[in-house]
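Chain by chain, the residues:
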Amino acid sequence: MSELSNHKLSRRKLLGSAAGTAAALPVLHELVPHQQVHDSLARAAGEGGHHGHGAGAGTADAAHRGAAHSGATGSVDPAVNGFDPHEILRDFDRGRVKREGGRTVREFEIVAEDREIEVAPGVKFAAWAYNGRIPGPTLRATEGERVRVKFVNASSHPHTMHFHGIHPARQDGVPQVPRGNVEPGGFFTYEFEAEPFGLHLYHCHSTPLADHIAKGLYGAFVIDPKRRRRPKADELVMVMNGFDTNFDRANEVYAVNTVAFAYHDKPVRVKRDELVRIYLVNILEFDLLNSFHVHANFFDWYPTGTKLEARDFTDTVILGQGERGILELRFPYTGKYMFHAHVSEFADLGWMGFFEVVD
Amino acid sequence: MEAGQATAGRLSRRMPAWLVGLLPLLLLGAAIGLFVGLGEPGLERNGVPVEQVSVERTVLRPGEIELVVRNDGPDPVAIRQVLVNDAFVAFEQGAGEIERLRGDTITIEYPWIEGEAYAVALMTATGGTIDHAIDVAAETPEADVGFYGLMALVGLYVGLIPVAIGMLWLPWVRAIDPRWVQFLLALTLGLLAFLGVDALLEGTEIAGTGAEALGGASLVFLGAGVAYFGLAGVDGWLRGRESRTAGGGIGTGQSRRETHAAGTGSGAGLDAHAAASAGPWRLALLVALGIGLHNLGEGLAIGSAYAVGSLALGAALIVGFALHNTTEGLAIVAPIADDAGTLPRRSLARFAGLGLLAGAPAILGTWIGASAYNPSLAALLFGFGAGAIAQVIVQIAPSVRDSAGRLLHPLVAAGVVSGLLLMYATGLLISL
């Protein structure tokens, strides 16, 4: 829009641009009568807010949302991607449990691969993924346990696994420190103590770092405290991410667990009065901030989940990249309640969903 | 060699000539058929598909944005999502996948607000985005009778009326000193040169917004070439007719030119050039035709600008166009300045015809521009205008030679420069 400042437009340029070129014409802007809101808009508003977000998105027929609704057009078939954001929500990988010398060892296997993912209906993204899904599996262990992750690189690019947590340098998964990059076809077993308890994440740390994250190599890593969090809850994992589909170093698509509008078109079903515990991770690349906001409710907020006392009671949190935390809330009423990034632009671009509270 | 020629000779004797001429084409067809039939051996698609789409037309209706797009690249393109101002929006499209050079219509449901700017991005199956800016949102007028009437009125204001008024300078140019007539002809050359260059630039710029695959800026030059040589042909035909109707062949035409030459005070040296130059009415006709083609392009630009709402038809703009185009009327009558007395009864009809030819295309242009705008077509039409004007300049040029046969003597140079400056100055009135 640099042309906005160009006041020296000739008649010809003026006429030419009218036919649909890029030049924006402030002068003409002045000449055009500024009707406050177009008649049509008023009419549309009168028709029961068809333009309001999600104002008509049904549950069952979500795949065939009419043209009257906002959001993306069409739907993503989970079979195409090989994973369903609704399954990712409650899918925790606790590994294979072994006892070695009197202590518990959890063994995981993670394979990095090149894979095309449909991030918005009909829009494919050439991604890199851990175990064929974005986010990668939610690894879960208890503090003090031994974690052993065999990482196999089946991708055509070098990758690593870098865990947030406390561990020796060799297990840190950065290219600059041995063991460093795992070359295509290679593997490496990361091994460390699960500490400290809380909500962490893992991601590839190969360079260029932004690309290796933006392409999809990340996942949540939950370390439970020795004494379980009480009370028991309906536990959900939400990894806030985005995709730069046209390689302009900015995201075109925003989501929780990868697929734009996945929980908008088909709400997350929860029970009334039951405690809902959300493990919320922000891994969004290119944007400085992301946020989470829930409608008609408040939640206890445990940043990084490393303390058992809530630090805040709120309905909106802001997170930078790599920041994460645990939310606890109960829905006292049935019905549909929206949750979305309170960075409204992200919401319009896919990071928008519903809880459907049922008895 | 001789044997070969003999064979060829025998061959052409046995077969009709048209069949011999067709033979290489048939062989070419067979070769292509074989290549395609064998699955295009040796050619593998390398790399990712190239997705190029140009937006040729934007229509805004209440609560709706419609884009007419064309696949401009070598590969098919599938538009899967549409974003308006960084938000996914609901849309409908005709085809699932747009083949090369094919068009499609994308209908977006969007509560746009009048006067605001919108950035539309069409997202393809590969995640690529095709960006399109709507600079100022305004409802596209419905193409009904009233609308065409309004456009006709606009064409009348900016095209026909000014040209007609300009032509009313005829009595004046007939009254003034013949040397000044030559100056006016030179002035006309300046006016035309300005318009020609203007049309070329305008056409090239518009071509940039159209589908590259359809030719882009080369369309302007294609149009210019067609118009230039087409008009040369028309001129040749008119000459033939003129000499026939005059009855005495070329000699009569020449003698009239001699009178003209004597009238301008030049010597006998001009005769040779005069013979090569066009008759006054024919010259005027060519000027009118060239200006008419130019006004067609001008009308097109006005119509399309009005249709997308980025042109306010203010009084200033109409007045500006009127002053600007009045000079075009002068350009038409300058060649017939000292043709007084010839065919007095028919000259009024001719006079009106010239005005119509030069001004009426503006009306046609506004209709096309407002209802069926296409940048590639516009570029071609602007090219027509430029080419026509170039031909007209070539036709007029001989009549301004002086007794020594010089083209650019001081009077002519002054006239040309005055013409350029006049166009520039009146052009300022309409450059917002």
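For the structure, check the block above.
The shown structure was predicted, so the numbers you read here are calculated from the model rather than taken from an experiment. (Residues numbered from 1 in each chain as written. Chains lettered and ligands numbered in written order. Predicted model: local features only at pLDDT ≥ 70, side-chain atom pairs only at ≥ 80, totals over all residues. Heavy atoms only, no water.)

Remarks on the nonpolar core
(1) Moving on: Within the largest apolar cluster, 67 residues are counted, with the highest numbers of intra-cluster contacts made by A:Met238, A:Ile278, A:Leu280, A:Phe292 and A:Phe355.
(2) Moving on: If one sorts the elements of this core by residue count, strand 11 (residues 234-243) of chain A sits on top with six residues.
(3) Moving on: Ignoring sequence-local partners within four residues, the contact set of A:Ile278 consists of A:Leu236, A:Met238, A:Phe292, A:Gly325, A:Ile326, A:Leu327, A:Leu329 and A:Phe355.
(4) Moving on: By size, the runner-up hydrophobic cluster in this structure holds 40 residues, among which are B:Leu189, B:Leu191, B:Ala334 and B:Ile396. (Core = buried A, V, L, I, M, F, W, Y, C linked by side-chain atoms within 4.5 Å. Buried < 20%, exposed > 50% of the residue type's maximum accessible area, 1.4 Å probe, protein only. Helix = DSSP H or I, 4+ residues; strand = E, 2+ residues; numbered from the N terminus. Contact = heavy atoms within 4.5 Å.)

Focus: the side chain of A:Thr314
All names here are of chain A.
(1) Moving on: Within the secondary structure, Thr-314 sits in strand 17 (residues 312-314).
(2) Moving on: From its side chain, Thr-314 meets the backbone nitrogen of Thr-316 in a polar contact 3.2 Å long.
(3) Moving on: Once residues lying within four places of it in the same chain are set aside, the contact partners of Thr-314 are Phe-298 and Phe-299. (Polar contact = N/O pair within 3.5 Å; in protein donor to acceptor, adjacent residues only side chain to side chain.)

Some points on the sheet that holds strand 19 (residues 324-330) of chain A
Note on sheets: strands pair through backbone hydrogen bonds, and any given pair is parallel or antiparallel.
All names here are of chain A.
(1) Moving on: Pairing is mixed across the open sheet formed by six strands, whose spatial order is 12-11-14-19-16-17. Strand pairing shows two members of the sheet lacking a second neighbour, strand 12 (253-256) and strand 17, which therefore form its edges. Here the strands of the sheet are splayed against their neighbours by 25° on average, with no regard to which way each runs.
(2) Moving on: Judged from the seven bridges that link them, strand 14 (residues 275-282) and strand 19 form a sheet pairing that is antiparallel. The residue bridging Val-276 from the neighbouring strand is Leu-329, located in strand 19. (Pairing = 2+ DSSP bridges. Axes fitted to C-alpha atoms, helices over the stretch in contact; angles between N-to-C directions.)

Let's talk about helix 3 (residues 145-167) of chain B
All names here are of chain B.
(1) Moving on: For helix 3, spanning 23 residues, the distance from its first C-alpha to its last is 31 Å, which sits close to the expected 33 Å at 1.5 Å a residue.
(2) Moving on: Its axis deflected by about 45° at Leu-156, helix 3 carries its strongest bend there.
(3) Moving on: Buried within helix 3 are the following residues: Phe-147, Met-151, Ala-152, Val-154, Gly-155, Val-158, Gly-159, Leu-160, Pro-162, Val-163, Gly-166 and Met-167. (Expected span 1.5 Å × (residues − 1). Bend = angle between axes of the 7 residues up to and from the residue.)

Here we look at the packing of aromatic side chains
(1) Moving on: Tallied over the entire structure, the rule returns 28 aromatic pairs over all chains.
(2) Moving on: With a centroid separation of 4.8 Å and an interplanar angle of 85°, the aromatic rings of A:Phe188 and A:Tyr190 are classed as edge-to-face.
(3) Moving on: We classify A:Tyr190 as buried; its relative accessible area is 1%.
(4) Moving on: Between the aromatic rings of B:Trp180 and B:Phe183, the centroid separation amounts to 5.3 Å while the plane-to-plane angle is 80°, which identifies the pairing as edge-to-face. In this pair, B:Trp180 and B:Phe183 both sit in helix 5 (residues 178-207), three residues apart, roughly one turn of the helix.
(5) Moving on: Put simply, the rings of A:Tyr263, A:Phe292, A:Phe299, A:Trp301, A:Phe331, A:Tyr337, A:Phe339, A:Trp351 and A:Phe355 touch in pairs and so form one group of aromatic residues.
(6) Moving on: Its end group placed over the ring of A:Phe125, A:Lys215 keeps NZ or CZ at 5.6 Å from the ring centre.
(7) Moving on: Here the guanidinium or amino end of A:Lys215 rests over the ring plane of A:Trp128, the centre of that ring lying 5.2 Å away. (Phe/Tyr/Trp six-rings, centres within 6.5 Å; stacked < 30°, edge-to-face > 60°. Lys NZ or Arg CZ within 6 Å of the ring centre and 35° of its normal.)

Focus on a positive patch on the surface
(1) Moving on: Where like charges cluster on the molecular surface, the positive patch consists of A:Arg94, A:Arg227, A:Arg230 and A:Lys232.
(2) Moving on: On the accessibility criterion, A:Lys232 (74% relative accessible area) is exposed. (Patch = residues over 30% accessible without salt bridge, like charges linked within 9 Å, V, L, I, M, F, W, Y side chains within 5 Å. Areas by Shrake-Rupley, 256 points an atom, 1.4 Å probe, with all protein chains shown as cover. Salt bridge = Lys/Arg side-chain N within 4 Å of Asp/Glu carboxyl O. Lys, Arg positive; Asp, Glu negative; His and termini not counted. Charge placed at Lys NZ, Arg CZ, Asp CG, Glu CD.)

Things to note about the packing of helix 3 of chain B against helix 12 (residues 361-371) of chain B
Residues and elements named next belong to chain B.
(1) Moving on: Relative orientation of the contacting elements helix 3 and helix 12 amounts to 135°, with a least axis distance of 8 Å. When the axes of helix 3 and helix 12 are compared, the pair comes out oblique. Between helix 3 and helix 12 the crossing geometry is right-handed. Residues Phe-147, Tyr-148, Met-151, Ala-152, Val-154, Gly-155, Leu-156 and Gly-159 of helix 3 lie in contact with helix 12, whose contacting residues are Ala-362, Ile-363, Thr-366, Trp-367, Ala-370 and Ser-371.
(2) Moving on: Across the contact of helix 3 with helix 12, the residue classes break down as 10 nonpolar, four polar and no charged. (Parallel < 35°, antiparallel > 145°, perpendicular 65-115°, else oblique. Left-handed = near helix turned anticlockwise from the far one by under 90°. Nonpolar A, V, L, I, M, F, W, Y, C, P; charged D, E, K, R; others polar.)

Details of the pattern of salt bridges
All names here are of chain A.
(1) Moving on: Considering all chains together, one arrives at 26 salt bridges over all chains under this definition.
(2) Moving on: Between Lys-98 and Glu-100 there is a salt bridge; the shortest N-O distance is 3.8 Å.
(3) Moving on: By relative accessible area, Glu-100 is classed as partly exposed at 30%.
(4) Moving on: The partner of Arg-140 in a salt bridge is Asp-224, with the nearest N and O atoms 2.8 Å apart. Separated by 84 residues along the polypeptide, Arg-140 in strand 5 (residues 136-142) and Asp-224 in strand 10 (residues 218-224) bring together distant segments of the chain.
(5) Moving on: Residue Arg-140 is classed as buried on the basis of its relative accessible area of 4%.
(6) Moving on: Taken together, the shared-partner salt bridges in this structure form one network comprising Arg-96, Lys-98, Glu-100, Arg-103, Glu-107, Arg-146, Arg-148, Glu-191 and Glu-193.

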